[in-house]
Amino acid sequence: FSYPVGPLQCNMTIIANPVTKEGVLVDPGGDFELIKQVIDSNGLNIVQILITHAHFDHILASKDVSEYTGAPVYYHPDDRKLWLTLPF
């Protein structure tokens, strides 16, 4: 599944096992309600959230998606300083 989300329409992607429905969500850049709808309508269990880089257009819905799914968020250690400056 891939959808443009957020103010800059960054592509959010979900890679999921069609049998177990476990999935990894990449770059939740905004539009939490849309992301939630995709997860729910497909019966997915998101087990990880991956951030390709910590620019705002790739992470805006990270906190909401993590809280909703219980999935941890992973990003490159070099992005930690930028991650910590983001407004959530």
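Cut-offs applied
Residues numbered from 1 in each chain as written. Predicted model: local features only at pLDDT ≥ 70, side-chain atom pairs only at ≥ 80, totals over all residues. Heavy atoms only, no water. Helix = DSSP H or I, 4+ residues; strand = E, 2+ residues; numbered from the N terminus. Rg over C-alpha atoms; globule rule 2.2 N^0.38 Å. Buried < 20%, exposed > 50% of the residue type's maximum accessible area, 1.4 Å probe, protein only. Contact = heavy atoms within 4.5 Å. Areas by Shrake-Rupley, 256 points an atom, 1.4 Å probe, with all protein chains shown as cover.

**Q** Before we go on, may I ask you to explain the overall build of the chain in this structure?
**A** Scanning the chain from N- to C-terminus turns up four helices and five strands. For 88 residues, the compact-globule estimate of 2.2 N^0.38 gives 12 Å, and the C-alpha radius of gyration of the chain, at 12 Å, lies within 12% of that figure. Reported as C-alpha extents along the three principal axes, the dimensions of the chain are approximately 40 × 25 × 20 Å. Residues counted as buried form 36% of the 88 residues belonging to the chain. For the chain, long-range pairs separated by at least 24 residues make up 54% of all intrachain contacts whose partners lie at least 6 apart in sequence. When the accessible surface of the chain is split by element, carbon and sulfur atoms take 55% of a total near 5000 Å².

**Q** Looking at this structure, I do not really get the environment of F56. What am I missing?
**A** Position of F56 relative to the elements: it lies in helix α2 (residues 56-59). C-alpha of F56 to C-alpha of C10: the two residues are 46 residues apart in sequence and 9.9 Å apart in space.

Read these as layout, nothing more, since geometry by itself doesn't imply function.
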